[in-house]
Structure formats: structure tokens, C-alpha cells
Amino acid sequence: MSVLPGSLSLFLPILVQLLRGPGKVYTVLNGIIVTLGLVAGIRAESSLATVCTVILGILALGIVIFAIRGQRLAHHVEELATLSQRTISSEIAPLGETDERAEFARRYEEASREASIKTARFMPRVEAAQRAAIAAVGGLGNAPYLEDDLRYTILAGLVTAMAGPIAIFLILLIAIAG
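Presented here is an overview of the structure given in this document. (Residues numbered from 1 in each chain as written. Predicted model: local features only at pLDDT ≥ 70, side-chain atom pairs only at ≥ 80, totals over all residues. Heavy atoms only, no water.)

Some remarks on the overall build of the chain
Argument step 1. Within the chain, the regular secondary structure consists of 5 helices and 0 strands.
Argument step 2. When the helices and strands of the chain are read in sequence order from the N terminus, they spell out α-α-α-α-α.
Argument step 3. Classification of the 178 residues of the chain by burial places 33% in the buried group.
Argument step 4. At a minimum sequence separation of 6, the contacts of the chain that also span at least 24 residues come to 73%.
Argument step 5. Carbon and sulfur atoms make up 67% of the accessible area of the chain, which totals about 11300 Å². (Helix = DSSP H or I, 4+ residues; strand = E, 2+ residues; numbered from the N terminus. Buried < 20%, exposed > 50% of the residue type's maximum accessible area, 1.4 Å probe, protein only. Contact = heavy atoms within 4.5 Å. Areas by Shrake-Rupley, 256 points an atom, 1.4 Å probe, with all protein chains shown as cover.)

See the structure below:
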């Protein structure tokens, strides 16, 4: 996938469609499992149960962050789809071919420059790719779905994906220690 705005506007709606059905069910299911573990951990009296409860609380925080960011991303992508449909259905006066090529070249050069700068210590490639994508589309005004830091969304998604199995293991530890 390149950093061009067209590929982003095609990729993100597909991602949101995947997150709506199976992703939402998986997130809710993991949230229920973690909540049950929190309830079991709070009722138990051992120090192991306290440690397990703290870990379950961190998992719950990751699930909540991922759910909020996923909802926000879905909202922005729906707005993008609506705007695209209105733009396609209306008549727009095209730019001159030379102006269009110059604008494309400028944005591409700016995106390439942003992609080559990796200043972040945490997930530097993701941060550089996000800055490049923002530059390619001409700023956050043209891409509100890129406003949230994707590094934290990815991290919260990974925590959400691992939360169910880890929570089941911690529930078993709480039951044994309890």
C-alpha cells in the first residue's frame, strides 16, 4: 500500500467493515471475560488475586481505549464515504493538468520526506507512515481519521486481541489462589 490518499480512502473503509462485525463481537466478548475476572479478583482475598486484578484492570483499560478509538475511526470513515459519494455525484471544475501534477508532485515529495524521518522511539515506522499519509492527503483537514495516534490504537488492539486468553488464565489463577 502506498501513502497516496486514494489507497487510504480504500483501505480504511474495509478495515472499519471488518471491525464492525467480528471485531466488535470479539472486543465485547473479551470485555465480558475481563469484567468477570475483575469481579472474581475483587472478591478474592489473596495477594495473587490482587496482582491478577491489577493486570485485568490494565487489560480492561486497553479494551476501552481500543473500543473508543475504533468507534472514532468508524465515524470518520463514514463521513469520508459520505463526502466521497457527494463529490462523485456533483460536478467539480477540474484543475488544469499542470496544476494537478504539480500539486501531486509536491504532496508526494512531502510525504516521502515525512516517511523518511523516524524520530519517535516507540513504533517509529508507524509514526512516520502516519505523518507521511497526513502529508499525502494535504493535512488533517482532509483526513480526520488520521488525527488519533495510530501507534496507541495498534497497541490497544493488540492488548484487546490478547485480553481474552490472558484473562481466562488469570481467572484460573484467582480461583486456585482464592
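Examining the environment of A133
Argument step 1. Note on placement: A133 falls in helix 4 (residues 124–137).
Argument step 2. Residues A133 and A143, spaced 10 residues apart in sequence, show a C-alpha to C-alpha distance of 8.8 Å.

Quick notes on the packing of helix 4 against helix 5 (residues 150–177)
Argument step 1. One way to put it is that helix 4 packs onto helix 5 with a least axis distance of 9 Å and a crossing angle of 130 degrees. In terms of axis orientation, helix 4 runs oblique to helix 5. Counting all contacts with helix 4, which are made through V126, E127 and Q130, the residues of helix 5 involved are L150, R151 and I154.
Argument step 2. Split by residue class, the contact of helix 4 with helix 5 holds 3 nonpolar, 1 polar and 2 charged. (Axes fitted to C-alpha atoms, helices over the stretch in contact; angles between N-to-C directions. Parallel < 35°, antiparallel > 145°, perpendicular 65-115°, else oblique. Nonpolar A, V, L, I, M, F, W, Y, C, P; charged D, E, K, R; others polar.)

Some thoughts on helix 5
Argument step 1. Helix length check: helix 5 (28 residues) gives 38 Å between terminal C-alpha atoms against 40 Å at 1.5 Å per residue, within 8%.
Argument step 2. Of all the bends in helix 5, the greatest reaches close to 45 degrees and is centred on A163; the proline P165 follows between one and four positions later.
Argument step 3. Among all positions of helix 5, only R151, T153, A156, G157, V159, T160, A163, G164, A167, L170 and I174 are buried. (Expected span 1.5 Å × (residues − 1). Bend = angle between axes of the 7 residues up to and from the residue.)

Re the nonpolar core
Argument step 1. In terms of nonpolar packing, the biggest core is built from 13 residues, with V34, L56, L59, A163, A167 and I174 touching the most fellow members.
Argument step 2. Residues in contact with I174, not counting those within four places in the same chain, are G37, A40, G41, A44, A49, C52 and L56.
Argument step 3. Membership of the second largest hydrophobic core comes to 7 residues, among which are L73, A133, I134 and Y145. (Core = buried A, V, L, I, M, F, W, Y, C linked by side-chain atoms within 4.5 Å.)

Remarks on the side chain of T153
Argument step 1. Of note, T153 is situated in helix 5.
Argument step 2. When sequence neighbours within four positions are dropped, the list of residues in contact with T153 reads F66 and R69.

Quick word on the environment of I176
Argument step 1. Of note, I176 is situated in helix 5.
Argument step 2. Using a relative accessible area of 71% as the deciding quantity, one classes I176 as exposed.
Argument step 3. When the C-alpha atoms of I176 and L48 are compared, they prove to be 9.7 Å apart, with 128 residues separating the residues in sequence.

Focus on helix 4
Argument step 1. For helix 4, built from 14 residues, the straight-helix expectation of 20 Å at 1.5 Å per residue is met to within 8% by its first-to-last C-alpha distance of 20 Å.
Argument step 2. Among all positions in helix 4, only E127, A128, Q130, A132, A133, I134, A135, A136 and V137 are buried.
Argument step 3. Within two residues after helix 4, G138 carries a phi angle of roughly 95 degrees, on the positive side.

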